[in-house]
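# Descriptive structure summary
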Amino acid sequence: MTKNQNHNLLERPVRINEQATPKPSLAFFDAVSLIVGIVIGAGIFETPALVAANVTTGAALLILWLLGGVVSLIGALCYAELATTYPNVGGTYYYLKRAFGRQISFLFAWSRMTVIQTGSIALQAFIFGDYAAGIFNIGSYSSSIYAIIAVLSISGLNIIGLYPGKWTQNLLTAVKVLGLLLVIAIGIFFPTTTERSVLQTSEDFSLWGAAMVFVLLTYGGWNEAAYISAEIRNGRRNIVRSLVVSIGIITAIYVLINFAFLQGLGLEQMTKSKAIGATLMDKAFGTVGSLFLSILVIVSALGATNATILTGARTNYALGQDFSVFRFMGRWQGQKETPTQALIIQAAVVIVLIILGTLTRNGFESMVDYTAPVFWFFFLLSGLSLFVLRIREPYTRRPFQVPFYPVTPLLFCVVCGYLLYSSIAYTGVGAIVGVVVVGLGIPFLFWDERR
């Protein structure tokens with residue numbers, strides 16, 4: 001077989017159903033709404049207290065959230081080159097397959113199906129359940145019941161078709177952003193503390209590693225744009241635009257809301273608060289403020305859950321396209337513009353995680369233990385794939401090239417490596433669970449190769 005024939009085989013992934021494949025159905029605004037909806041989830045009401053516990057000044061707190069935006073932008077520029085050069089519904093899965101082979105890409109897709117993506121969906125669903133149960137309790141397992149209802153309902157909505165899913169996402173994102181802007185205004189213009197932590201200057205930098213784990217966890221999700229790269233209209237231009245605009249919006253909101261928390265509560269009270277947003281709103285408006293915040297968290301969790309479900313199923317679909325053992329997930333419903341079987345399997349895995357979480361639940365931080373090390377390992381590989389593909393495929397047309405190559409992607413890889421180390425150091429034994437689950441995919445890989 002000639003070299004050109006080999007290259008052509010790589011260019012054209014095997015299709016089980018040639019009549020039904022993803023089509024450009026998402027506009028620029030849809031992409032921005034999806035990215036903002038994934039990133040700004042209920043986590044922003046959990047992580048500021050955890051970040052505050054790892055800094056000694058308010059100035060450091062704001063710098064860390066700003067740095068999170070800078071790191072995300074650097075990563076987004078790297079992803080923009082990969083996504084515009086190789087627009088594929090598999091996203092990172094496809095880049096890893098081209099750069100490192102099918103074994104690595106398989107383990108990545110398996111980890112998204114069992115750890116990274118499904119863990120994120122379960123986390124958002126649990127947060128939704130906690131706040132929904134606070135408004136209307138239906139028994140001892142209220143949170144879990146609400147979480148399962150949310151997963152089934154939103155998965156069902158996306159099974160109906162892409163358009164119901166994307167319009168729901170647009171609405172939820174708009175409501176979420178408006179609600180967050182209101183919270184920001186309340187914290188800034190109606191402060192309830194005289195503490196001025198922002199003006200302090202002494203800082204213990206040894207704590208920043210653990211703090212950045214939580215900051216970048218809260219920024220996580222912008223890379224999901226890669227999974228809709230084959231479905232964005234005028235993708236060569238709109239992928240880059242949607243990433244840059246989305247991260248700009250997200251960074252501004254995150255810095256402002258942490259400034260509002262500082263103004264409204266002060267650093268010490270931020271550290272002590274178990275529900276930082278509710279504490280702020282309760283101080284400002286009492287019970288009515290807490291109820292408003294609960295509804296806002298519910299909307300945020302639903303928006304993040306919907307967006308994560310939509311993009312997560314795309315990896316399952318790509319996995320089914322390439323591996324016969326998961327062939328049942330590799331079917332695309334042409335009229336609905338959605339991978340139905342992939343969505344069903346994803347929902348089933350999430351429900352299993354919710355049930356396990358109900359039995360052995362340790363809260364928000366336990367989910368960080370489960371997902372963070374695996375996430376940063378594969379994120380590091382995706383950064384390295386840009387170097388590999390530049391070297392291996394130098395003549396491939398690249399509509400967008402990352403600025404200041406190789407410095408920018410090298411900086412991204414260094415940050416990913418540091419966060420991989422920090423997440424392992426922070427999570428300790430908890431990281432082993434996620435790694436073991438990823439390892440359980442190896443027998444399926446061997447089984448597929450034997451078949």
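Just above sits the structure.
Given the structure is predicted, the values throughout are model-derived calculations rather than measurements. (Residues numbered from 1 in each chain as written. Predicted model: local features only at pLDDT ≥ 70, side-chain atom pairs only at ≥ 80, totals over all residues. Heavy atoms only, no water.)

Attention now goes to the overall build of the chain. The secondary structure content of the chain amounts to 18 helices and zero strands. For the chain, with 451 residues in total, the buried portion stands at 59%. Taking as baseline every contact in the chain between residues at least 6 positions apart, the subset at least 24 positions apart corresponds to 84%. A total of about 18200 Å² of accessible surface is found on the chain, and carbon and sulfur atoms cover 67% of it. (Helix = DSSP H or I, 4+ residues; strand = E, 2+ residues; numbered from the N terminus. Buried < 20%, exposed > 50% of the residue type's maximum accessible area, 1.4 Å probe, protein only. Contact = heavy atoms within 4.5 Å. Areas by Shrake-Rupley, 256 points an atom, 1.4 Å probe, with all protein chains shown as cover.)

On to a nonpolar patch on the surface. Residues Ile135, Phe136, Ile138, Tyr141, Ile145, Ile149, Leu291 and Ile295 make up a contiguous nonpolar surface patch of roughly 770 Å² in combined accessible area. At the level of elements, α7 (142-160) and α13 (287-322) are the ones that each hand at least two residues to the nonpolar patch. Inspection of the secondary structure assignment puts Ile295 in helix α13. Residue Ile295 is classed as partly exposed on the basis of its relative accessible area, which comes to 43%. (Patch = residues over 30% accessible without salt bridge, like charges linked within 9 Å, V, L, I, M, F, W, Y side chains within 5 Å. Salt bridge = Lys/Arg side-chain N within 4 Å of Asp/Glu carboxyl O.)

In this section: the packing of helix α5 (residues 92-100) against helix α6 (residues 102-135). The geometry of α5 relative to α6 is characterised by a closest axis approach of 7 Å and an angle of 160° between their N-to-C directions. If you check the angle between α5 and α6, you find them roughly antiparallel. Considering only the axes of α5 and α6, their crossing is right-handed. On the side of α5, the interface is formed by Thr92, Tyr93, Leu96, Lys97 and Phe100, while α6 contributes Arg102, Ile104, Ser105, Phe106, Phe108 and Ala109. (Axes fitted to C-alpha atoms, helices over the stretch in contact; angles between N-to-C directions. Parallel < 35°, antiparallel > 145°, perpendicular 65-115°, else oblique. Left-handed = near helix turned anticlockwise from the far one by under 90°.)

The next point concerns the pattern of salt bridges. Summed over the entire model, instances satisfying the criterion amount to four salt bridges. Between Arg398 and Glu81 there is a salt bridge, with its nearest N and O atoms 3.3 Å apart. Here Glu81 lies in helix α4 (residues 58-85) and Arg398 lies in the loop between α15 (364-392) and α16 (407-427), a separation of 317 residues in the sequence. Across the pair, Glu81 and Arg398 agree in class, each one buried. With its nearest N and O atoms 3.1 Å apart, the salt bridge here joins Arg98 to Glu393. Of this pair, Arg98 sits in helix α5 while Glu393 sits in the loop between α15 and α16; the two residues are 295 residues apart in sequence, bridging distant segments of the chain. Of the two residues, Arg98 and Glu393, both sit in the buried class. Taken together, the salt bridges that share partners define one network made up of Glu81, Arg390 and Arg398.

Take the packing of aromatic side chains next. According to the stated counting rule, one finds 22 aromatic pairs in the structure shown. On the basis of an interplanar angle of 65° and a centroid distance of 5.4 Å, the ring pair of Phe108 and Phe378 is categorised as edge-to-face. Of this pair, Phe108 sits in helix α6 while Phe378 sits in helix α15; the two residues are 270 residues apart in sequence, bridging distant segments of the chain. Note on Phe108: relative accessible area 5%, which makes it buried. Given a relative accessible area of 5%, Phe378 falls into the buried group. Ring geometry for Trp222 and Phe379: centres 5.5 Å apart, planes at 50°, overall tilted. Taken as a pair, Trp222 in the loop between α9 (208-219) and α10 (235-265) and Phe379 in helix α15 lie far apart in primary sequence, 157 residues in all. The burial state of Trp222 is the same as that of Phe379; both residues are buried. (Phe/Tyr/Trp six-rings, centres within 6.5 Å; stacked < 30°, edge-to-face > 60°.)

In this section: the nonpolar core. Membership of the largest hydrophobic core comes to 144 residues, with the highest contact counts inside it found for Leu61, Trp222, Tyr254, Leu319 and Trp376. The biggest single contributor to this core is α6, with 18 residues. With near-sequence residues (within four places) excluded, Leu319 lies in contact with Tyr93, Phe106, Ala109, Met113, Phe326 and Met329. (Core = buried A, V, L, I, M, F, W, Y, C linked by side-chain atoms within 4.5 Å.)

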